[in-house]
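Notes for the structure review
Residue-level listing of the chains:
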Amino acid sequence: MSSDWQSRIRHRREEKDEYFGSNPHSPIPSDERESFDGLSYYPVDEAYRFELSLDEHDDRETVTVGTSTGGEQEYLRWGEFRFEVDGEAVALQAYKSDPDDDRLWVPFRDATSGEETYGAGRYLDLEAASHRTDEETWILDLNEAYNPTCAYSEQYECPLPPTENWLDVPIEAGEKTYH
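Since the model is a prediction, treat every value here as computed from it, not as a measurement.

What follows deals with helix α1 (residues 4-22). Between the first and last C-alpha of α1 there are 27 Å, a value that for 19 residues agrees with the 27 Å anticipated at 1.5 Å per step. Of all the positions in α1, only Trp5, Gln6, Ile9, Arg13, Lys16 and Phe20 are classed as buried. Looking straight down α1, one finds its buried side chains confined to an arc of 105°; they lie on one side. Away from the buried face of α1 by more than 90 degrees, exposed residues Glu14 and Glu18 are located.

Examined against the element boundaries, Tyr118 turns out to sit in the loop between β6 (103-108) and β7 (122-127). Residues contacting Tyr118, with those up to four places away along its chain left out, are Ser113, Asn147, Pro148, Cys150, Ala151 and Thr177.

Among the nonpolar cores identified, the biggest contains 25 residues, and Phe81, Phe83, Val85, Leu104, Leu142 and Ile171 are the most heavily contacted of them. Taken together, the elements giving at least two residues each to this core come down to β1 (49-53), β4 (72-85), β5 (88-96), β6, β7 and β8 (137-141). No other element matches the 5 residues that β4 contributes to this core. Beyond its immediate chain neighbours, meaning those up to four positions away, Leu142 contacts Tyr48, Phe50, Phe83, Phe108, Leu124, Ile171, Ala173 and Gly174.

We now examine the environment of Tyr178. By the element assignment, Tyr178 lies in the segment after β8. On the basis of relative accessibility, which here comes to 14%, the residue Tyr178 falls in the buried class. Filtering out sequence-adjacent residues up to four positions away, Tyr178 remains in contact with Ile28, Glu32, Phe36, Leu39, Asn147, Ala151 and Tyr152. A polar side-chain atom of Tyr178 sits 2.7 Å from a polar atom in the side chain of Glu32.

A few words now on the packing of aromatic side chains. Evaluated as defined, the whole model comprises 9 aromatic pairs. Taken together, a centroid distance of 4.7 Å and an interplanar angle of 45° make the contact between Phe50 and Phe83 tilted. Here Phe50 is found in strand β1, whereas its partner Phe83 is found in strand β4, with 33 residues between them in sequence. Note on accessibility: Phe50 and Phe83 belong to one class, buried. Here Arg60 stacks its cationic end above the ring of Trp78, 3.6 Å away from the centre of that ring. The aromatic ring of Trp166 is capped on one face by Arg109, whose charged end is 4.2 Å from the ring centroid.

Here is what the cut-offs are and how they apply
Residues numbered from 1 in each chain as written. Predicted model: local features only at pLDDT ≥ 70, side-chain atom pairs only at ≥ 80, totals over all residues. Heavy atoms only, no water. Helix = DSSP H or I, 4+ residues; strand = E, 2+ residues; numbered from the N terminus. Expected span 1.5 Å × (residues − 1). Buried < 20%, exposed > 50% of the residue type's maximum accessible area, 1.4 Å probe, protein only. Arc of directions from axis to C-beta. Contact = heavy atoms within 4.5 Å. Core = buried A, V, L, I, M, F, W, Y, C linked by side-chain atoms within 4.5 Å. Polar contact = N/O pair within 3.5 Å; in protein donor to acceptor, adjacent residues only side chain to side chain. Phe/Tyr/Trp six-rings, centres within 6.5 Å; stacked < 30°, edge-to-face > 60°. Lys NZ or Arg CZ within 6 Å of the ring centre and 35° of its normal.

Quick look at the structure:
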């Protein structure tokens, strides 16, 4: 497998660190930016990168998702990814906020949540232009898992991963907890 994807992930991580440390729109509180020396990540690992079919749901049910501030947001349950992590079968639901969107949102919690990673869970955003290999296959790369903005500051409201996307296995890929 080509290492281009690994280089792209490392480059995006560097860009994110630069943005978080210096941009006035960074979710890092302004009084912490001067001492900010980057986010913590798991090493990029090919074992957490999958090319999968999305099993789209015939009936795209509306799901109400709680938020970090006690609110609610609605999403459409669009489809399901099925794969194995360390020999254990797992499934993650993919959601859309708008049926016309080309983007899938895949929030999840796992066995690292609250220990090595943000307690409320992490997100993956899958863009058709960069994560779709053809009409049937998506790239689900858990190395790209990131913390929602509420992991850095309580001023943000973030949707929480639905319990159907709580995994019992550890996902030792992507962004670790802040601080």
